[in-house]
Amino acid sequence: MVLICPQCGKATLYLETGGVMGDIYRCKNCTYIGNFVIESDDDDLSDELREGKRMETGKY
Ligand SMILES: [Zn+2]
């Protein structure tokens, strides 16, 4: 499984901290910090999100 950054669409997130407030993730590619991330089993999802291919094909 990979964690996708909702801001830049790259799988460059790492866990900043976790606790009673929930897990906070930070992105190494941009300035995103937060607890909302996109979880995916598909390593290519980041590319598809960036290029919009998933919307074109409608494949799930
Ligand atoms: Zn990012």
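Residues numbered from 1 in each chain as written. Predicted model: local features only at pLDDT ≥ 70, side-chain atom pairs only at ≥ 80, totals over all residues. Heavy atoms only, no water.

J.: Hey, could you run me through the coordination of the zinc ion in this one?
T.: Coordination angles at a metal have ideal targets, namely 109.5 degrees for four tetrahedral donors and 90 or 180 degrees for six octahedral donors. Protein coordination of the zinc ion is provided by C5 (SG), C8 (SG), C27 (SG) and C30 (SG), with donor distances spanning 2.2 to 2.3 Å. The coordination sphere of the zinc ion comprises four donor atoms, whose angles at the metal cover 104 to 115°; the geometry is tetrahedral. In terms of primary sequence, the donors binding the zinc ion are separated according to C-x2-C-x18-C-x2-C. One end of the pair, C8, is in the loop between β1 (2–4) and β2 (13–17); the other, C27, is in strand β3 (residues 24–27), with 19 residues separating them in the sequence. (Donors = N, O, S within 2.8 Å, 3.2 Å for Na, K, Ca; no water. Tetrahedral: all angles 85-135°; square planar, octahedral: opposite > 155°, others 65-115°. Helix = DSSP H or I, 4+ residues; strand = E, 2+ residues; numbered from the N terminus.)

J.: Even after reading the chapter, I still don't get the nonpolar core, so can you show me in this structure?
T.: Most often, soluble globular proteins have nonpolar side chains that are buried together. Counting seven residues, the largest nonpolar core consists of L3, C5, L13, Y25, C27, Y32 and V37. Filtering out sequence-adjacent residues up to four positions away, C27 remains in contact with C5, C8, T12, L13 and Y32. (Core = buried A, V, L, I, M, F, W, Y, C linked by side-chain atoms within 4.5 Å. Buried < 20%, exposed > 50% of the residue type's maximum accessible area, 1.4 Å probe, protein only. Contact = heavy atoms within 4.5 Å.)

J.: I tried to follow the pairing of β3 on my own but got confused; where do I start?
T.: Consecutive side chains along a regular strand alternate between the two faces of the sheet. The alternating pattern of β3 places Y25 and C27 on a buried face and I24 and R26 on a face that is not buried. Pairing of β2 with β3 involves four bridges; the strand directions are antiparallel. Along β3, the bridge assignment pairs T17 with I24. In textbook terms, the turn of a hairpin is the stretch between consecutive antiparallel strands, and for β2 and β3 this stretch comprises six residues, one of which, G22, has a positive phi near 100°. Sheet topology places β3 next to strand β4 (residues 33–34); two bridges connect them, and they run antiparallel. Note that in β4 the partner of Y25 across the bridge is G34. Turn length for the β3-β4 hairpin, with the two strands adjacent in sequence and antiparallel, is five residues. (Pairing = 2+ DSSP bridges.)

J.: Would you take a moment to explain the sheet that holds β3 for this structure?
T.: Strand order in the open sheet formed by three strands is β2-β3-β4, and the pairing between neighbours is antiparallel. With partners counted over all chains shown, the strands left at the sheet margins are β2 and β4, one partner each.

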